[in-house]
Each structure stands twice: as structure tokens, then as C-alpha cells.
Amino acid sequence: MKKEGKEFKVTPYEVSGKVNYEKLIREFGVEKLDDKLLERIKKHTKELHLFLRRKVFFSHRDLNWLLDEQEKGNKFFLYTGRASSTGSKVHLGHLIPWIMCKWLQDKFNAEMWFQFPDEEKFLYKPEVTLKDTEKATHEDMLDVIALGFNPKKTNFLIDTKHAGLMYKEACRVAKKITFSTVKASFGFNDSTNIGSIFYTAMQAVPAFLPSVLKGKNIPCLIPLGIDQDPHFRISRDIMPKLGYYKPAILHSVFLPSLSGMGGKMSASKEYSIFTTDTEKQVEEKIKKYAFSGGQPTVQEHRKKGGNPDVDVSYQYLKMFFEPDDKKLQKIHDDYKSGKLLTSELKEILIEKINKFLKEHQKKRELAREQVDKFIFKD
């Protein structure tokens, strides 16, 4: 489903312009993640993750119902995924829903199902081969494992590898979806290959597969970027017809592009920080491309101050890299007053990203020996 205003567009395949999240809540028909619901989550978790406190996750579908079930003893499982493709490496924006999943797994002792739909980019991009996606999927798995998921409670599903497990259930989903629904949701036309049309049925399966395997109805929570919501709107319509719960969904905002030109961090090498970037690459990208909220000259900046609300370096600190509220407030105030220069703000961000990536990359290498522990054995 395509939702767009005059100034922005948000679809599963394109995000552009300055996104108005309040408008998106109304257009997508989702609920705001308000303070009352955050407090309810906190009763279970004893604390709130940075992504919840700072409203990086900002809306939801049926989260109150999910917590009702949890409190009745019907524990939920988690589901999210990554469609791998050659030349499309994991960047910082991809990590946000995965980090949220890891935190939720720890706090709720929840089972995690992670789907790698390695056929998606093969079907959607003429130049991509299945050999390409197989290699890319393996690399992407390393980034997921590096975040610290519990291998005893985490299951990797690879669509081509687990087709025998998933296909029967995907057929049950596909039988309930009309071509007109898929066309309206994703903008398909008569030239769209039939694999792309069937794909959304495969994507729905992990949202109820644990219920099938365990022979009982288990709630599902899917943390994802708001742009992916249309895929699961269809799933939510279909699953009750098959006798399963609708999955609850937790939506995140987009980590902005370094350019500050709207949209989200993407596969663009210039405007994205990848998990495999070197310290030098991170430094060069931030210094060259990170949009500044500062003044044209040092003198003007000292006098007038900067605008942290539009400064990308500050936004990255707020959303991801500075969990201490007092430290963040000081950075905000110092930048706004002109005491802190844009170059100094960028240096703070560079140091924090490189510290994060140094640890992540170390764990990523160790993950090469752990992949088999995570792949679901059916």
C-alpha cells in the first residue's frame, strides 16, 4: 500500500522526503505508543530501552492485547527478518528492530524467529541471482548473531532452505489473498512476475509457524520499520481466517540519511554507515556527509548557536548512541547555545560509532563459527 503526502512517501520499497510520523499514524491506521503503554511495558521489564524512551519505536498494532495474553500466561514469540541481496550490506538503520528484538527476548524470555527471505531480492531485481542472495544471507546472519541473541531461543528461517517446512502454510495463506489485494498493496501490475506475487504469502508464515509446530495458538510480536507495515496488514487480515492470532506489531521511525535530505539510511555508500565500515570510513562519512544544524561560520555559530533538531549527528546520538539523558541534554544545550561547534559534535558521534562498531565487528567475526547453532532444524 502506498501512503504519501505532498512532502514524503513511505512504501515497502521507497522512503523519501521528510516523514511526518503523526500523519503516517493516521494514514496507516496504527496506534501511537503513548506513555501509558510504555509504563505498562515497564511493569514487565523494570526499565525502558533507549529506543522506547526516546520514541524511536513510536506506534503499534495490538500491543495492549499482546500484553493481556502475556499476563494470562500465553507468552508471545518475536519475529522479524532481513531480505539479503548482493551489494546491500547491513547498515546502522537495519540494526534498530534487531536490537529491540534482542532486548525483548532478554526481558520476556521470548523465543525469536528470524526470517531470511533469500528469494525476495532474486524475484524483485533482475540482476540478482540465488547464489548472490545465498552469500549475502550468510553475511547478514553474522550481524544478527553479533547482537547477542540466545542461540537456544533463536531460530533462523531461510526461505529456500526451509521451503519444505513453510510451503504448505504459505499455500494456505496464498489461497486467501487475491491478486487485486496484492496489486493494491504493493503497486504490482500485469508485468510483475508471479514469484513476487506469491512472496508475501511466504513472509506471513513465520508469524504463525510456531503455533503450527506447537499445536496451540501463540501470540506474535513483530518489531519493524514502519515502511514494512503493508506486508503485515495483509497477514493480519488472513491469519484469523486460518485460525491464528493477528500478529502484534511495533513500528520504528527511520534512522535518517546522513545527508539530512529526508528519507532513511539506505544502501547508498555515501550516506550510510555499514556495520563493516572501518574507523577511517566512519570518520570520513560523518565529516563529509552528516548534515549540520550549525551556522556557516564559527563566529556566527558562537553567536547564534546551532539547531540540534535538524543536525544529523545530534539525531544519531539521540536515537542510538548516547543513552545517558543528562549527557545528551548537555550536548543539546551546548550546541544550541553555540558553545559546542558542529565539528566537535561530529567528533563525539564518530567516537561513539567507532566504539560500537569495534565491538560489533569483533563479535561478528566470532559469529562465523556459530551460524549453524541458529539455523532451525526441522
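Our structure is the block above this text.
In this text, all values refer to a predicted model and were calculated from it rather than measured experimentally.

Rules used throughout
- Residues numbered from 1 in each chain as written.
- Predicted model: local features only at pLDDT ≥ 70, side-chain atom pairs only at ≥ 80, totals over all residues.
- Heavy atoms only, no water.
- Helix = DSSP H or I, 4+ residues; strand = E, 2+ residues; numbered from the N terminus.
- Rg over C-alpha atoms; globule rule 2.2 N^0.38 Å.
- Buried < 20%, exposed > 50% of the residue type's maximum accessible area, 1.4 Å probe, protein only.
- Lys, Arg positive; Asp, Glu negative; His and termini not counted.
- Charge placed at Lys NZ, Arg CZ, Asp CG, Glu CD.
- Arc of directions from axis to C-beta.
- Contact = heavy atoms within 4.5 Å.
- Pairing = 2+ DSSP bridges.
- Right-handed = clockwise from strand over helix to strand, strands pointing away.
- Axes fitted to C-alpha atoms, helices over the stretch in contact; angles between N-to-C directions.
- Left-handed = near helix turned anticlockwise from the far one by under 90°.
- Nonpolar A, V, L, I, M, F, W, Y, C, P; charged D, E, K, R; others polar.
- Core = buried A, V, L, I, M, F, W, Y, C linked by side-chain atoms within 4.5 Å.
- Phe/Tyr/Trp six-rings, centres within 6.5 Å; stacked < 30°, edge-to-face > 60°.
- Lys NZ or Arg CZ within 6 Å of the ring centre and 35° of its normal.

1. Here we look at the overall build of the protein
Inference 1: The number of helices and strands found in the protein is 18 helices and 10 strands.
Inference 2: Computed over its C-alpha atoms, the radius of gyration of the protein comes to 21 Å, within 12% of the 21 Å expected for a compact globule of 378 residues.
Inference 3: Oriented by its inertia axes, the alpha-carbon framework of the protein measures out at about 65 × 50 × 45 Å.
Inference 4: Within the span of the protein, comprising 378 residues, buried residues form 54% of the whole.
Inference 5: Here the protein holds 66 positive side-chain charges and 52 negative ones, and the gap between their average locations is 2 Å.

2. Re helix H8 (residues 163-174)
Inference 1: If you check which residues of H8 are buried, you get Leu165, Met166, Glu169, Ala170 and Val173. The buried side chains of H8 occupy one side of the element, clustering within an arc of 110 degrees when seen end-on. Turned more than 90 degrees off the buried face of H8, the exposed positions are Gly164 and Lys168.
Inference 2: Buried positions along H8 lie against strand E7 (112-116), strand E8 (154-158), helix H10 (194-204), helix H11 (209-214) and helix H12 (229-238).

3. Quick word on the pairing of strand E10 (residues 248-252)
Inference 1: Summarising burial for E10: five of the five residues are buried, a large majority.
Inference 2: Residue alternation in E10 divides its side chains into two sets, Ala248, Leu250 and Ser252 and Ile249 and His251, and both sets are buried.
Inference 3: Across five bridges, the pairing between strand E9 (residues 220-225) and E10 is parallel. Bridging across to E10, leucine 221 finds its partner in alanine 248.
Inference 4: Handedness of the crossover joining E9 and E10 through H12 is recorded here as right-handed.

4. Section: the packing of H8 against H10
Inference 1: Following both chains from N to C, one finds H8 and H10 inclined at 115 degrees, their axes separated by 8 Å at the closest point. Seen from above, H8 lies across H10 with right-handed handedness. Packed against H8, whose contacting residues are Met166, Tyr167, Ala170, Cys171, Val173 and Ala174, the element H10 presents Phe198, Ala201, Met202 and Ala204 at the interface.
Inference 2: When the residues that make up the contact of H8 with H10 are grouped by side-chain class, the tally is 10 nonpolar, no polar and no charged.

5. Re the nonpolar core
Inference 1: Counting 79 residues, the largest nonpolar core has Phe51, Leu52, Leu92, Phe156, Leu221, Ile286 and Ile353 as its most contacted members.
Inference 2: Here this core takes 10 residues from helix H5 (residues 92-108), the largest share from any one element.
Inference 3: Excluding residues within four positions of it along the chain, phenylalanine 156 makes contact with Phe114, Phe116, Met141, Val144, Ile145, His162, Phe374, Ile375 and Phe376.
Inference 4: Core analysis: the next-biggest nonpolar cluster, separate from the first, contains 32 residues, Phe188, Ala204, Tyr244 and Phe376 among them.

6. Section: the packing of aromatic side chains
Inference 1: A full pass over the atoms with the stated rule returns 22 aromatic pairs.
Inference 2: Pairing tryptophan 65 with tyrosine 245 gives two aromatic rings, centres 5.0 Å apart and planes at 70 degrees, and the pair type is edge-to-face. Highlighted residues: tryptophan 65 in helix H4 (residues 63-71) and tyrosine 245 in the loop between H12 and E10, separated in sequence by 180 residues.
Inference 3: Residue class for tyrosine 245 comes out partly exposed when judged on its relative accessible area of 25%.
Inference 4: Both rings, one in tyrosine 271 and one in tyrosine 289, keep their centres 5.2 Å apart while their planes meet at 90 degrees; by these two values the pair is edge-to-face. Placement of tyrosine 271 in the loop between E10 and helix H13 (279-289) and of tyrosine 289 in helix H13 is noted, with a sequence separation of 18 residues between them.
Inference 5: Overall, tyrosine 289 belongs to the partly exposed group, its relative accessible area being 22%.
Inference 6: Three or more aromatic residues link up through ring pairs in this structure, and these residues are Phe51, Phe57, Phe320, Phe321 and Phe356.
Inference 7: Lying across the ring of phenylalanine 28, arginine 233 places its NZ or CZ 4.3 Å from the centre.

7. Some thoughts on the environment of leucine 78
Inference 1: Position of leucine 78 among the secondary structure elements: in strand E6 (residues 77-81).
Inference 2: In sequence terms leucine 78 and isoleucine 249 are 171 residues apart; their C-alpha atoms lie 9.9 Å from each other.
Inference 3: In contact with leucine 78, other than residues within four places in its own chain, are Cys101, Leu104, Gln105, Ala110, Glu111, Met112, Trp113, Leu221 and Pro223.

8. A look at the sheet that holds E7
In any sheet, the strands associate via hydrogen bonds between backbone groups, in a parallel or an antiparallel arrangement.
Inference 1: Strand order in the open sheet formed by seven strands is E4-E5-E10-E9-E6-E7-E8, and the pairing between neighbours is mixed. Bordering the open sheet on either side are strand E4 (31-32) and E8, each of which pairs with just one other strand.
Inference 2: Both E4 and strand E5 (residues 57-61) contribute to a ladder of two bridges, which runs antiparallel. Across the sheet, the residue bridging to glutamate 31 is histidine 60, located in E5.

9. Description of unusual backbone geometry
Inference 1: Of note, lysine 55 is a non-glycine position whose phi angle comes to about 60 degrees, a positive value.
Inference 2: Counting through the fold element by element, lysine 55 comes out in the loop between helix H3 (50-53) and E5.
Inference 3: The backbone phi angle of asparagine 109 is positive, close to 50 degrees, even though this residue is not glycine.
Inference 4: Using a relative accessible area of 42% as the deciding quantity, one classes asparagine 109 as partly exposed.

10. Focus on the side chain of serine 59
Inference 1: Within the element layout of this structure, serine 59 appears in strand E5.
Inference 2: Overall, the relative accessible area of 0% leaves serine 59 in the buried class.

11. Thoughts on the side chain of glutamate 120
Inference 1: As for its placement among the helices and strands, glutamate 120 is situated in helix H6 (residues 120-124).
Inference 2: Excluding residues within four positions of it along the chain, glutamate 120 makes contact with Ala83 and Tyr199.

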